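# Residue-level structure breakdown
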Amino acid sequence: MDGGRLFMLAETNMDMITEHLSQSSPDLAIIDSIQTAYLDDMGGAPGSVGQIRECTMRLMQWAKPANVPVLISGHVTKDGTMAGPRVLEHIVDVVLYLEGEPFSAYRLLRGVKNRFGSTNEVGIFEMRSQGLVEVTNPSQVFLAERGGETVGSAVVPTLEGTRPLLVEIQALTTNTPYGPPRRISNGIDFNRLLMIAAVLTKRAGLALGNQDIIVNVAGGLKVNEPAADLGVALAIASSLRNVAVDPEMAAIGELGLSGELRSVPHLERRLGEAAKLGFKRCLLPASKNLAAPQGMTLLGAASIREALRLALPKSGKPETD
C-alpha cells in the first residue's frame, strides 16, 4: 500500500471534518477519537455528553446519504465501559470492544451491539510486528505452553460468543503465614472464586480455611461464564493435594451451593473443540442423552465430591512450605 488514497486530517472541529469528508468522498472514514471533536454552536467542552451526542449525529447525517462506513473510536472508563455515558452506544449501529490485558499479546474483538447481525461472534487477534494478526486456532495457542502433568491446572472448554475456546485454569494454594487467608483471582470473577472455595470446604471437605488461594486464567483471558466452575474447583483441589489432573481430561460444569454439578449450554460444541485438540476424556455433569465425540470418553458426575474422586487420585499429600 503506497498511501495514495490515504488522507489524514489533523482537525477537531466537526464542521470542518464533515466538510473535508464531503470533498474527498472516501470509501471509509475513521474518527479518532470522538471525545476530542467539538461543535462551535454547542456548549460544553469536547468530550462532554452534549458534544459527543451532536458530533456523532453530524457524522451519521453525513454517512447515511453518502453510503460511507464511519469507524468512530471512543474512550472507555476505568471499569471498561464506554464513556459518554453510553450516549455514543445508543446512536451508532455497531459497537465493538477491543479487549485484552495490558501485558498480553492477544486481543478479543467483541460485538456488544449490531443492528445488522448477531453479536455472538468474537474475533481473536495477536499483536505482532506487522500489526494485529488473526488467530485461526486460539485454543491451540492458549494451550501451547501447557505442561504435561501440571499440578494445579485444569482445561475448560469455554464459549466466547458462539465460538468454543479451550483455556487453562491455574490455581495455587499455600499455607497462610499470618493473618486471614487471601483469595486472589485473575481472569475470573472474584466473588465466583469465593463461592467455589466455600463449596469445596463445606461440600467436598477440603481444608482451605488456612490456605491462600490464587487462581489465574492463562494467556490473559477473562472467563465469566459458570461453565468454568468445575475447572476452577479441580485446579484448586489439585494444588491442595499436590496431585495433577489428567492432562488429557477437560472439565465442564457449573457448581451449585449444595455441591451439585449443573449442566451448561452448548455442550456438544464444547466437546467437539476438546476432541479436536486431542483430549480423550471430559468430566461434566451427569447427562443421559449426550453423545460423546469420536475418540472421547465422557465421565459424568452428580456432585463436586464425586467429580474429585473421578479426576484426582485418592492418594496425595498437601504441599508443604
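Summarised in this report is the structure supplied together with it. (Residues numbered from 1 in each chain as written. Predicted model: local features only at pLDDT ≥ 70, side-chain atom pairs only at ≥ 80, totals over all residues. Heavy atoms only, no water.)

## What to know about the layout of surface pockets
Quantified by volume, the second largest pocket comes out at close to 820 Å³. Taken together, 23 residues make up the lining of the second largest pocket; nearest its centre are Phe7, Met8, Leu9, Ala29 and Ile30. Class assignment for the residues of the lining of the second largest pocket results in 14 nonpolar, five polar and four charged. (1 Å grid on protein atoms, 1.4 Å probe; cavity = no way out; pocket = protein on both sides within 12 Å on 5 of 7 lines; lining within 4 Å. Points joined across faces, edges and corners; volume = space filled by probe spheres on them. Nonpolar A, V, L, I, M, F, W, Y, C, P; charged D, E, K, R; others polar.)

## Some words on the environment of glycine 179
Structurally, glycine 179 is set in the loop between strand S8 (163–175) and strand S9 (183–186). Sequence spacing of glycine 179 and asparagine 210 is 31 residues, and the spatial spacing of their C-alpha atoms is 9.4 Å. (Helix = DSSP H or I, 4+ residues; strand = E, 2+ residues; numbered from the N terminus.)

## With respect to the packing of helix H1 (residues 14–24) against helix H2 (residues 49–66)
Any two packed helices are characterised by the angle at which their axes cross and by the distance between the axes. Across the interface, H1 lies against H2 with an axial gap of 10 Å and an inter-helix angle of 15°. Considering their axes alone, H1 and H2 lie roughly parallel with respect to each other. As H1 runs across H2, the sense of the crossing is right-handed. On the side of H1, the interface is formed by Met14, Asp15, Thr18, Leu21 and Ser22, while H2 contributes Cys55, Arg58, Leu59 and Trp62. Looking at the contact of H1 with H2, its residues break down into five nonpolar, two polar and two charged. (Axes fitted to C-alpha atoms, helices over the stretch in contact; angles between N-to-C directions. Parallel < 35°, antiparallel > 145°, perpendicular 65-115°, else oblique. Left-handed = near helix turned anticlockwise from the far one by under 90°. Contact = heavy atoms within 4.5 Å.)

## A word on the pairing of strand S3 (residues 94–99)
Across six bridges, S3 lies against strand S4 (residues 106–114) in antiparallel orientation. Residue pairing in the sheet places valine 95 in a bridge with lysine 113 of S4. Where S3 folds back onto S4 in an antiparallel hairpin, the turn is made up of six residues. (Pairing = 2+ DSSP bridges.)

## A word on a nonpolar patch on the surface
A surface patch of nonpolar side chains, about 290 Å² in accessible area, is lined by Leu28, Ile30 and Leu71. With respect to the helices and strands, leucine 71 occurs in strand S2 (residues 70–73). (Patch = residues over 30% accessible without salt bridge, like charges linked within 9 Å, V, L, I, M, F, W, Y side chains within 5 Å. Areas by Shrake-Rupley, 256 points an atom, 1.4 Å probe, with all protein chains shown as cover. Salt bridge = Lys/Arg side-chain N within 4 Å of Asp/Glu carboxyl O.)

## Structural notes on the side chain of threonine 158
Among the structural elements, threonine 158 can be located in strand S7 (residues 153–160). Each residue touching threonine 158, except ones within four places of it in the same chain, is listed here: Arg163, Pro164, Leu165, Val167, Val223, Glu225 and Arg270.

## Some thoughts on the packing of aromatic side chains
Scanning the entire structure with this criterion turns up one aromatic pair. An angle of 70° between the planes, with centres 4.9 Å apart, marks the rings of tyrosine 106 and phenylalanine 142 as edge-to-face. Highlighted residues: tyrosine 106 in strand S4 and phenylalanine 142 in helix H4 (residues 138–142), separated in sequence by 36 residues. For the pair tyrosine 106 and phenylalanine 142, one class covers both residues: buried. (Phe/Tyr/Trp six-rings, centres within 6.5 Å; stacked < 30°, edge-to-face > 60°. Buried < 20%, exposed > 50% of the residue type's maximum accessible area, 1.4 Å probe, protein only.)

## Some thoughts on helix H7 (residues 267–276)
Taken together, the buried positions of H7 are Leu267, Arg270, Leu271, Glu273 and Ala274. The buried residues of H7 occupy an angular sector of 160° when projected down its axis, which confines them to one face. The exposed set on the far side of H7, more than 90 degrees from its buried face, consists of Glu268 and Lys276. Turning to H7, the residues buried within the fold contact H4, S7, S8, strand S11 (249–251), strand S14 (281–285) and strand S15 (297–301). (Arc of directions from axis to C-beta.)

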